[in-house]
Amino acid sequence: MRKLPIPKIKDAVCKVFDTTPELIDSRIRFQPHALARQFCYYYAMTGRSYVSVGHIFNRDHGTIMHGVKKLRSLSDDDWQIKAYQQEIEKELSE
């Protein structure tokens, strides 16, 4: 997958999760916002390092690693995560 622009990633994730970029950038830890944020990390990782994604989102690289790892493990077993992933990828391809 090619390196995607961060604003495009945020827009796609916000549309699917019905949230705002401000809430994704915030420190709110409620489930829908945290999950949306983790999806942003996941898609931002294409062609970028954990450290650079951390700088973009104003987070430590360990936070990015945890979010990506958690999302990957959930996507193996959780049909809802897979459905979100398909919706986001559809938005990103448009």
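Residues numbered from 1 in each chain as written. Predicted model: local features only at pLDDT ≥ 70, side-chain atom pairs only at ≥ 80, totals over all residues. Heavy atoms only, no water.

A. Spatial organisation of the nonpolar core. Ile9, Val13, Phe17, Phe39, Phe57, Ile88 and Leu92 are the most contacted members of the largest nonpolar core, which has 25 residues in total. Looking at this core, the elements that each hand over two or more residues are α1 (6–17), α3 (31–44), α4 (50–57), α5 (61–77) and α6 (79–93). With near-sequence residues (within four places) excluded, Ile9 lies in contact with Leu4, Cys40, Tyr43, Ala44 and Leu92. (Core = buried A, V, L, I, M, F, W, Y, C linked by side-chain atoms within 4.5 Å. Buried < 20%, exposed > 50% of the residue type's maximum accessible area, 1.4 Å probe, protein only. Helix = DSSP H or I, 4+ residues; strand = E, 2+ residues; numbered from the N terminus. Contact = heavy atoms within 4.5 Å.)

B. The arrangement of the environment of Leu4 in detail. Examined against the element boundaries, Leu4 turns out to sit in the segment before α1. Overall, Leu4 belongs to the buried group, its relative accessible area being 3%. Between the alpha carbons of Leu4 and Asp77 there is a distance of 26 Å; along the sequence they are 73 residues apart. Ignoring any residue separated from it by four or fewer positions in sequence, one finds Leu4 in contact with Ile9, Tyr43, Thr46, Arg48 and Leu92.

C. Highlighting the packing of aromatic side chains. Tallied over the entire structure, the rule returns 6 aromatic pairs. On the basis of an interplanar angle of 80° and a centroid distance of 6.3 Å, the ring pair of Phe39 and Tyr84 is categorised as edge-to-face. Remark: Tyr84 occurs in helix α6 and Phe39 occurs in helix α3; sequence separation between them is 45 residues. According to the relative accessible area criterion, Phe39 is buried, its value standing at 1%. For Tyr84, a relative accessible area of 21% translates into the label partly exposed. Measuring from ring centre to ring centre gives 5.2 Å for Tyr41 and Phe57, while their planes differ by 75°; the resulting arrangement is edge-to-face. In this pair, Tyr41 sits in helix α3 while Phe57 sits in helix α4, placing the two residues 16 residues apart along the sequence. Taken together, Phe17, Phe39, Tyr42, Tyr43 and Tyr84 form an aromatic cluster joined through their ring pairs. (Phe/Tyr/Trp six-rings, centres within 6.5 Å; stacked < 30°, edge-to-face > 60°.)

Geometric values such as these leave the question of function open.
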